[in-house]
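# Commentary on secondary and tertiary structure
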Amino acid sequence: MHNFVFHNPTKILFGRDTVESIGPETRAWGERALLVYGQRSLKQHGLHDRITDSLRRAGVQWVEHGGVRSNPLLSHVRAGIERARAHGATVIVAAGGGSVIDTAKAIAAGTPAAHDVWKLFTGKKSLKSALPVVTVLTLAASGSEMNSGMVLTNDGSREKFGYGHRLLHPKTSILDPRTTFTVPPSYTVFGAVDAISHVIEFYLTASDPDTPVQDRLMEGLIENCMAACERCLCDPCDYNGRANLMWAATLALNGLTGAGLGRVGFPMHLIEHSLSGLYDTPHGAGLAVILPGWLRARLPHSPKRIAGLGRRVFGLTQQDDFQAAEATVKCFQSWLRQVRAPLTLTDLSIPANDIPRIADHTRSLARIWRLTDLSPERVAAVLAHCLAAD
Ligand code: NZQ
Ligand code: ZN
């Protein structure tokens, strides 16, 4: 087990009737807030009024910055920074999924900065201070509600980069599973796939062979994301199904799974950020297509690790590691098919002859993330496995 520091300062309020705590939780950090949310769902499902009533009762004065799109854009963040500065905002409230929370984090980082916020994502500047962020999570997926990361797409270059800093941890995140009852089946699946991918990438890029505590934790999270996703597809208002998926997705990327694993990577996310940067695909949909392809490309290098995962998660009994590893890939692919996830680039309406362009678009992020072993040629080889499903 490698040395590690685990420090997660985000306070989580989990469960029924927690949404109304947003007012006091915000007021604890400031009186003047910028409220950030998405396109329609917050108002459509009555959450907007519940949140603003709570802010009003707590004596918080807010201005609104709605309109966050999936795969959030730099231009919308820059407009939010201007709005936050004009209002003299001292706290940022995010009500939505990962796109909204990441937008809020970027506004929180950019508002006090003397430089453009994009310079954080390109590594040209480092974060010195950030406004506090409090969140109401409405979609189980990214884990942004309890981590220090944020992901943004540069409208001009279509580069989709991530940046992380301990100052970007939300101060408080409110997780009421009932806010996710209205999440459609597609995004229920995309969210589960995102969380599963966060875990599998660590599980398969870790270098230490002796990490049973982390391995059992990660295997359990993968199993529960799959089981809870199926429950939510059967009954979108299954409280415990939604609660299990929400908490598993949060734990999948809050620092716990990676503790002690040493250096791990995000190779699938490197490729997916190129896909969603170029084609605006939903993040989890891109990962659903990449996951089996990436596993197939890794098979020759780490059959034992993939086989071990399959034996634990799917109960595989093949003794031969290579056969068990192949069966593991097939099990993930048949689960993805069962939950009606996209399986191929064609399912995402991405033509095969775009593979070189997608692969080349990973170059700058690979350099920033120091994933230099994942050359465009190797990315193209992974994507070649994503053209057809068994
Ligand atoms: O915009 P509205 O109308 O609110 O609709 C949203 C959006 O269309 C809808 N939605 C959200 N909550 C809902 C709901 N619909 C009905 N009922 C609700 N309760 O869902 C759609 C997708 O929302 P979005 O926030 O884009 O999804 P997600 O949470 O998957 O976030 C995706 C973003 O997170 C980034 C991804 O790159 C992507 O940009 N990630 C952030 C990470 C982080 N900060 O640590 C790590 C992840 O790997 C990921 O990269
Ligand atoms: Zn992700």
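Residues numbered from 1 in each chain as written. Chains lettered and ligands numbered in written order. Predicted model: local features only at pLDDT ≥ 70, side-chain atom pairs only at ≥ 80, totals over all residues. Heavy atoms only, no water.

In this section: the overall build of the protein. Each helix and strand in the protein was counted, giving 16 helices and eight strands. In summary, the protein has a C-alpha radius of gyration of 20 Å against a globular reference of 21 Å for 390 residues, a match within 12%. Looking at the protein as a whole, 59% of its 390 residues are labelled buried. In the protein, of all internal contacts separated by at least 6 residues, the share reaching a separation of at least 24 is 78%. (Helix = DSSP H or I, 4+ residues; strand = E, 2+ residues; numbered from the N terminus. Rg over C-alpha atoms; globule rule 2.2 N^0.38 Å. Buried < 20%, exposed > 50% of the residue type's maximum accessible area, 1.4 Å probe, protein only. Contact = heavy atoms within 4.5 Å.)

Inspection of the entire model under this criterion finds 16 salt bridges. Residue lysine 11 is joined to glutamate 25 by a salt bridge in which the shortest nitrogen-to-oxygen separation is 3.0 Å. Linking lysine 11 in strand β1 (residues 11-14) with glutamate 25 in helix α1 (residues 22-27), this pair joins segments that are 14 residues apart in sequence. Among the residues examined, lysine 11 registers a relative accessible area of 40% and is labelled partly exposed. Judged by relative accessible area, glutamate 25 falls into the buried class, the value being 13%. (Salt bridge = Lys/Arg side-chain N within 4 Å of Asp/Glu carboxyl O.)

The subject of this paragraph is the pairing of strand β8 (residues 172-175). Residues in a regular strand project their side chains so that they alternate between the two faces of the sheet. What you see with β8 is no split at all: Thr172 and Ile174 on one side and Ser173 and Leu175 on the other are buried throughout. Judged from the four bridges that link them, β1 and β8 form a sheet pairing that is parallel. Paired with isoleucine 12 across the bridge in β8 is serine 173. (Pairing = 2+ DSSP bridges.)

Looking now at the coordination of the zinc ion (ligand 2). Under perfect tetrahedral coordination by four donors, a metal shows angles of 109.5 degrees; under perfect octahedral coordination by six donors, it shows angles of 90 or 180 degrees. Of the protein atoms, only Asp194 (OD), His198 (NE2), His269 (NE2) and His283 (NE2) coordinate the zinc ion (ligand 2), at distances of 2.0 to 2.3 Å. Mapped onto the polypeptide sequence, the residues donating to the zinc ion (ligand 2) form the spacing pattern D-x3-H-x70-H-x13-H. Residue aspartate 194 is located in helix α7 (residues 185-205), and its partner histidine 283 is located in helix α11 (residues 283-298); the two are separated by 89 residues in the primary sequence. For the pair aspartate 194 and histidine 283, a shared accessibility class is recorded, and that class is buried. (Donors = N, O, S within 2.8 Å, 3.2 Å for Na, K, Ca; no water.)

What follows covers the site of ligand 1. Around ligand 1, 33 residues are found, and the nearest of them are Arg40, Ser41, Ser70, Ser99 and His198. Here an oxygen atom of ligand 1 sits 2.6 Å away from a polar atom, N or O, in the side chain of serine 99. Isolated, ligand 1 exposes 960 Å² of accessible area, and the fraction of that covered by the protein chains is 90%. Mapped onto the shell around ligand 1, the elements with two or more residues apiece are α5 (98-110), β6 (149-153), α7 and α10 (267-279). Of the residues that constitute the shell around ligand 1, the class distribution is 10 nonpolar, 19 polar and four charged. Residues from two domains meet in the shell around ligand 1; each of domain 1 (11-179) and domain 2 (184-384) gives at least three. (Near = heavy atom within 4 Å. Polar contact = N/O pair within 3.5 Å; in protein donor to acceptor, adjacent residues only side chain to side chain. Areas by Shrake-Rupley, 256 points an atom, 1.4 Å probe, with all protein chains shown as cover. Nonpolar A, V, L, I, M, F, W, Y, C, P; charged D, E, K, R; others polar. Domains from an automatic or database assignment.)

With that settled, consider the sheet that holds strand β2 (residues 32-37). Taken in spatial order, the six strands line up as β1-β8-β5-β4-β2-β3 in an open sheet, and their pairing is parallel. The sheet is open, and its two edges are formed by β1 and β3 (61-65), each paired on a single side. Geometrically, the sheet is characterised by an average inter-axis angle of 20° between neighbouring strands, direction not taken into account. Note that strand β4 (residues 91-96) and strand β5 (residues 133-137) share five bridges and pair parallel. Bridge assignment links isoleucine 92 to a residue of β5, and that residue is valine 133. The strands that helix α4 (residues 74-87) touches are β2 and β3; relative to β3, the one it contacts most, it runs at about 160°. (Axes fitted to C-alpha atoms, helices over the stretch in contact; angles between N-to-C directions.)

What follows is about the domain arrangement of the protein. What the domain assignment lists for the protein is domain 1 (11-179) and domain 2 (184-384). The distance between the C-alpha centroids of domain 1 and domain 2 comes to 26 Å. On the domain 2 side, the residues contacting the 31 residues of domain 1 number 29 residues. Summed over both partners, the interface of domain 1 with domain 2 comes to about 2400 Å²; 60% of that surface belongs to carbon and sulfur atoms. Taken as a group, Arg158, Lys160 and Pro177 account for 22% of the area that domain 1 buries against domain 2, more than any other trio of residues on that side. Scanning the region where domain 1 abuts domain 2 turns up 11 residue pairs in polar contact (both at pLDDT 80 or more). Looking at the side of domain 1 that touches domain 2, the elements with two or more residues in it are β1, β6 and β7 (160-164). In terms of residues, the side of domain 1 that touches domain 2 owes the most to one element, β7, which gives three residues. Taken together, the residues of the side of domain 1 that touches domain 2 break down into 12 nonpolar, 11 polar and eight charged. (Buried area = accessible area lost by both parts, 1.4 Å probe.)

Aromatic rings in a pair are described by how distant their centres are and how their planes are angled relative to each other. Across all of its chains, the model carries eight aromatic pairs by this definition. Ring geometry for tryptophan 118 versus phenylalanine 121: centroids 5.3 Å apart, planes at 15°, classification stacked. Of the two residues, tryptophan 118 and phenylalanine 121 both sit in helix α6 (residues 118-121), three residues apart, roughly one turn of that helix. Given a relative accessible area of 8%, tryptophan 118 falls into the buried group. Grouping aromatic residues by their ring pairs yields a cluster made of Trp118, Phe121, Phe161 and Tyr163. A cation over an aromatic ring shows up here: arginine 16 above the ring of tyrosine 239, its NZ or CZ 3.6 Å from the ring centre. (Phe/Tyr/Trp six-rings, centres within 6.5 Å; stacked < 30°, edge-to-face > 60°. Lys NZ or Arg CZ within 6 Å of the ring centre and 35° of its normal.)

Looking at where threonine 26 falls in the secondary structure, it is placed in helix α1. At 2.6 Å, the side chain of threonine 26 and the backbone oxygen of isoleucine 22 are in polar contact. Look past the residues within four positions of threonine 26 in its chain and what remains in contact with it is Ala33, Leu55, Val60, Val91, Val93 and Val134.

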